[in-house]
Amino acid sequence: MSLPERVQLIDVGPRDGLQNEKQPVPAAVKIELVHRLQDAGLKEIEVTSFVSPKWVPQMADNAEVMAGIQRQSGVRYSVLTPNLKGFEAAVLSKPDEIVVFGAASEAFSQRNINCSIAESIERFAPVVAAARAAGIRVRGAMSCTVGCPYEGDIPPERVGMLARLMKDIGVQRVDVADTIGVGTPRKVQRAIEATLVHFGLDDVSGHFHDTYGQALANTYAALEMGVWNFQSSVAGLGGCPYAKGATGNVATEDVVYLLHGLGIETDIDLERLVDAGKFISDVLGRAPGSRAATALLAKRG
Ligand code: HMG
Ligand code: MG
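Cut-off values and rules
- Residues numbered from 1 in each chain as written.
- Chains lettered and ligands numbered in written order.
- Predicted model: local features only at pLDDT ≥ 70, side-chain atom pairs only at ≥ 80, totals over all residues.
- Heavy atoms only, no water.
- Donors = N, O, S within 2.8 Å, 3.2 Å for Na, K, Ca; no water.
- Helix = DSSP H or I, 4+ residues; strand = E, 2+ residues; numbered from the N terminus.
- Buried < 20%, exposed > 50% of the residue type's maximum accessible area, 1.4 Å probe, protein only.
- Phe/Tyr/Trp six-rings, centres within 6.5 Å; stacked < 30°, edge-to-face > 60°.
- Lys NZ or Arg CZ within 6 Å of the ring centre and 35° of its normal.
- Arc of directions from axis to C-beta.
- Contact = heavy atoms within 4.5 Å.
- Pairing = 2+ DSSP bridges.
- Axes fitted to C-alpha atoms, helices over the stretch in contact; angles between N-to-C directions.
- Parallel < 35°, antiparallel > 145°, perpendicular 65-115°, else oblique.
- Left-handed = near helix turned anticlockwise from the far one by under 90°.
- Nonpolar A, V, L, I, M, F, W, Y, C, P; charged D, E, K, R; others polar.
- Right-handed = clockwise from strand over helix to strand, strands pointing away.
- Near = heavy atom within 4 Å.
- Polar contact = N/O pair within 3.5 Å; in protein donor to acceptor, adjacent residues only side chain to side chain.

At the metal site, the magnesium ion (ligand 2) is ligated by Asp-16 (OD), His-207 (NE2) and His-209 (NE2), and these contacts range over 2.1 to 2.3 Å. All donors of the magnesium ion (ligand 2) belong to a single chain; written as a sequence motif, their spacing is D-x190-H-x1-H. Taken together, the residues Asp-16 in helix 1 (residues 13-17) and His-207 in strand 9 (residues 204-208) connect sequence positions 191 residues apart. Side by side, Asp-16 and His-207 carry an identical accessibility label, which is buried.

Here you go:
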């Protein structure tokens, strides 16, 4: 199959990227990061999550961040909602899309959202129904589709099972997530294949953490299958608090460099994206975790 002509990136930096930061990041900084991302041309931004502030204190300012964003038309702002309580809080912030998040691994489901896979689907069902009734789009994140920090390798059948459960409750599109970045191209392709049994190509996205440095290779492997939606995190920020040792998402700058090099359109201005990554990295007191950004910043001198 030939590669897609254009790719849509969802920058998950403000959410997946920052959720694991130990130092409190002020809401104003998160808002500024969202503004810089949309100014760089991102059309989808995962802004925050409406989860328990006891579990993820960094996301406790969810409503404040959503209220502070000056929205641009044509940009989709999404938020994570694990249950009805989260959805009811989120809906006041008028997200364009909500994300329910489940796992292909039982152990990870328990650690991350404190319930089994079956229970999670029971919790998501009314959330999905309420969102769709309110005209809000619904995405489903599927964690540990290749490997789990507690269970090890995850077979593709488990991914297919989760995708089917998500489809059955009305989830419109899903993310095939390599939560701990252990995947390699063929394994990731098998997880995507299992998902494509239940969702069309336009409704499947890749979400690859870069712990073992495989995320760009995995992105290319997904592109070869025709996947054209991906999540990435500016400056490679992040990691899941319930996946010990797992590092951030693949850096958006690196994915954009790869895509533009392949002649694939993104509508993203790489230089402005690098500025956005530099902005948040400076606030966090570290260098951007993106090879492309590092190279471009060095070139600027
Ligand atoms: P629980 O303790 O089982 O929930 O947590 P509960 O219903 O028993 O409620 C316990 C307390 O939490 C109560 O408060 C509730 O009101 C409150 P208390 O009476 O003790 O004061 N509560 C909430 N508060 C605010 N917002 C809510 C909410 N729900 C309950 N929505 C729960 C279950 C899911 C809430 C909890 O486990 C949780 O918040 N987990 C956090 C999960 C998380 O954010 N993980 C990181 C994001 S997922 C990820 O990063 C993976 C992804 O990137 C893809 C990939 O890479 O794999 C998406
Ligand atoms: Mg993630």
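Inspection of the entire model under this criterion finds two aromatic pairs. Taking the centre distance of 6.4 Å and the plane angle of 55° together, the rings of Phe-208 and Phe-230 count as tilted. Here the residue Phe-208 occupies a position in strand 9, and Phe-230 occupies one in strand 10 (residues 229-232), the gap between them amounting to 22 residues. Between the NZ or CZ atom of Arg-111 and the centre of the ring of Tyr-150, over which it lies, the distance is 4.1 Å.

Turning our attention to helix 4 (residues 84-91). Residues of helix 4 that are buried: Gly-86, Phe-87 and Ala-90. Along helix 4, the residues classed as buried sweep out an arc of 100° about the axis, all on the same side. Looking at the packing, one finds that the buried side of helix 4 touches strand 3 (76-80), strand 4 (97-103) and helix 6 (117-133).

A few words now on the pairing of strand 1 (residues 8-11). Of the two faces of strand 1, both are covered, the one formed by Gln-8 and Ile-10 as well as the one formed by Leu-9 and Asp-11. Pairing of strand 1 with strand 10 involves four bridges; the strand directions are parallel. By the bridge assignment for strand 10, Ile-10 is matched with Gln-231. Bridge count between strand 1 and strand 2 (residues 44-49): two bridges; the pairing is parallel. When the bridges of strand 2 are listed, Ile-10 appears paired with Glu-44.

Running from amino to carboxyl end, helix 8 (residues 185-196) crosses helix 9 (residues 215-224) at an angle of 45°, the nearest separation of the two axes being 9 Å. As summarised for this structure, helix 8 and helix 9 are arranged oblique, according to the angle between their axes. Between helix 8 and helix 9 lies a crossing whose hand is right-handed. On the side of helix 8, the interface is formed by Pro-185, Val-188, Gln-189 and Ile-192, while helix 9 contributes Ala-217, Asn-218, Ala-221, Ala-222 and Glu-224. In the contact of helix 8 with helix 9, the residues fall into six nonpolar, two polar and one charged.

Our next topic: the pairing of strand 4. For strand 4, the tally of buried residues reaches seven of seven residues, placing the bulk of the element in the interior. With burial as the criterion, each face of strand 4 is covered, one bearing Glu-97, Val-99, Phe-101 and Ala-103 and the other bearing Ile-98, Val-100 and Gly-102. Where strand 3 meets strand 4, three bridges bridge the pair, whose relative direction is parallel. From the neighbouring strand, Leu-80 faces strand 4, where its bridge partner is Val-99. Crossover strand 3 to strand 4 through helix 4 is right-handed. Pairing of strand 4 with strand 5 (residues 137-143), which is carried by seven bridges, proceeds in the parallel orientation. Directly across from Ile-98, in strand 5, lies its bridge partner Val-138.

Near ligand 1, the surroundings consist of 27 residues, among which Gln-19, Asn-83, Asn-114, Ser-143 and Thr-179 are the closest. His-207 places a side-chain nitrogen or oxygen 2.9 Å from an oxygen atom of ligand 1. Separating an oxygen atom of ligand 1 from a side-chain N or O atom of His-209 is a distance of 3.1 Å. Elements represented by at least two residues in the shell around ligand 1 include exactly helix 1, helix 4, helix 5 (106-113) and strand 5. Tallied by class, residues from the shell around ligand 1 come to 12 nonpolar, 10 polar and five charged.

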